[in-house]
Amino acid sequence: QGVYQNGFQGEVYGRGSFSKDNRDQIEFRAITKNPVDFNVFTPYEEYYASYKNDKLYAHIGDKAYSSSFLTEFARYGRGAEVQYKFNKFTVGAFYNHPRFYQEIKDEFNVSGRYAINKETEISAGYLYKIPRTDREGFNTHLPYVTAKTKVLRNIDVQTEVSYSKNDHAQGIAYLAQAQRSFNRLSAGVSYMNA
């Protein structure tokens, strides 16, 4: 339409390990803000750094933060996350300031996961959402419990129950899904009530 803009956007990315056996992995990325207005050809700025080994995962910066399928599956934002594994038990927490969602100002999540064996685990957590203003929304409390296991040798089953409460409403949501893998085909069925 006869309008042309130009600008400079730089990116620095790195991924590697602090140890020869690749147990201490690090990854970082910095994409500067583009002076051209956001569109499909200009990626938004992104900054993050993460560290991972056998027991610890730590991340600071931009990413899609998630707690559970029914409470917060993938909310892209800027924040920090940490998880630590004690044998079969893993504890974690994150803080997220969503970037592209106007109603939520901040999110806080704490969770725990217990691996009964290689195929079965149970998780529980609590997500707390804070709105941008009192007129746009309510402080929302979302505790949740999830479980997944393998039935027989090739059927994966996952369930979740979550509860939501704020000053205006409350409710319970349920999820149950199963997936079966064949040689060249996967089939699944799911039920959700929210």
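Thresholds applied
- Residues numbered from 1 in each chain as written.
- Predicted model: local features only at pLDDT ≥ 70, side-chain atom pairs only at ≥ 80, totals over all residues.
- Heavy atoms only, no water.
- Helix = DSSP H or I, 4+ residues; strand = E, 2+ residues; numbered from the N terminus.
- Contact = heavy atoms within 4.5 Å.
- Patch = residues over 30% accessible without salt bridge, like charges linked within 9 Å, V, L, I, M, F, W, Y side chains within 5 Å.
- Areas by Shrake-Rupley, 256 points an atom, 1.4 Å probe, with all protein chains shown as cover.
- Salt bridge = Lys/Arg side-chain N within 4 Å of Asp/Glu carboxyl O.
- Buried < 20%, exposed > 50% of the residue type's maximum accessible area, 1.4 Å probe, protein only.
- 1 Å grid on protein atoms, 1.4 Å probe; cavity = no way out; pocket = protein on both sides within 12 Å on 5 of 7 lines; lining within 4 Å.
- Points joined across faces, edges and corners; volume = space filled by probe spheres on them.
- Nonpolar A, V, L, I, M, F, W, Y, C, P; charged D, E, K, R; others polar.
- Phe/Tyr/Trp six-rings, centres within 6.5 Å; stacked < 30°, edge-to-face > 60°.
- Lys NZ or Arg CZ within 6 Å of the ring centre and 35° of its normal.
- Pairing = 2+ DSSP bridges.
- Axes fitted to C-alpha atoms, helices over the stretch in contact; angles between N-to-C directions.

Asker: What exactly am I supposed to notice about the side chain of S50 here?
Answerer: Along the chain, S50 falls in strand 3 (residues 46–52). Leaving out residues up to four positions away in the same chain, S50 has contacts with Q25, I26, E27, Y57, A58 and H59.

Asker: Quick question: what am I supposed to make of a nonpolar patch on the surface here?
Answerer: A contiguous nonpolar patch, built from Y84, F86, F89, V91, Y114, I116, I122 and V145 and spanning about 670 Å² of accessible area, is present on the exposed surface. Within the residue set of the nonpolar patch, elements represented by two or more residues are strand 5 (75–86) and strand 6 (89–98). Mapped onto the elements, F89 comes out in strand 6. By relative accessible area, which is 37% here, F89 ends up partly exposed.

Asker: Sorry if this is basic, but what is going on with the layout of surface pockets here?
Answerer: Unoccupied space between atoms shows up once a probe the size of one water molecule is rolled over them. Taken as a whole, the largest pocket spans an internal volume of roughly 550 Å³. What lines the largest pocket is a set of 27 residues, and nearest its centre among them are S66, S67, S68, R113 and S123. Listing elements by their share of the lining of the largest pocket, those giving two or more residues are strand 5, strand 6, strand 7 (104–115), strand 8 (121–131), strand 9 (140–151), strand 10 (155–165) and strand 11 (170–181). Counting residues per element, the lining of the largest pocket draws most heavily on strand 6, which supplies 5 residues. For the lining of the largest pocket, the class distribution of residues is 9 nonpolar, 13 polar and 5 charged. Mapped by element, the contributors of at least two residues to the lining of the second largest pocket are strand 9, strand 10 and strand 11. Per-class residue counts for the lining of the second largest pocket are 2 nonpolar, 6 polar and 5 charged.

Asker: How should I be thinking about the packing of aromatic side chains in this particular structure?
Answerer: By convention here, two paired aromatic rings are described through the distance between centres and the angle between planes. What the rule picks out here adds up to 6 aromatic pairs. Ring geometry for Y95 against F108: centres 5.2 Å apart, planes inclined by 40 degrees, an arrangement best described as tilted. With Y95 in strand 6 and F108 in strand 7, this residue pair connects regions lying 13 residues apart in the sequence. Against the face of Y65 rests K63, its NZ or CZ located 5.4 Å from the ring centre. Taking NZ or CZ as reference, R75 lies 4.0 Å from the ring centre of Y101, over its face.

Asker: I would appreciate a short explanation of the pattern of salt bridges in the present structure.
Answerer: Pairing is possible between side chains that carry opposite charge, provided their charged atoms lie close to one another. Applying the stated rule across the entire model yields 14 salt bridges. Ionic pairing is found between R23 and D54, a salt bridge with its closest N-O pair at 2.6 Å. Here R23 is found in the loop between strand 1 (11–17) and strand 2 (25–31), whereas its partner D54 is found in the loop between strand 3 and strand 4 (56–65), with 31 residues between them in sequence. Note on R23: relative accessible area 45%, which makes it partly exposed.

Asker: When you look at the sheet that holds strand 4 in this model, what are you seeing that I'm missing?
Answerer: Neighbouring strands of a sheet are bound in pairs by backbone hydrogen bonds; such pairs are parallel or else antiparallel. On the basis of which strands lie adjacent, the open sheet formed by 12 strands has the order 1-2-3-4-5-6-7-8-9-10-11-12 and antiparallel pairing. Edge positions in the sheet fall to strand 1 and strand 12 (186–193), since each has one partner strand and no second. For this sheet the average axis-to-axis angle between neighbouring strands, irrespective of direction, equals 10 degrees. Direction of pairing for strand 6 relative to strand 7: antiparallel, over a ladder of 8 bridges. Within the sheet, the bridge partner assigned to A93 lies in strand 7 and is V110.

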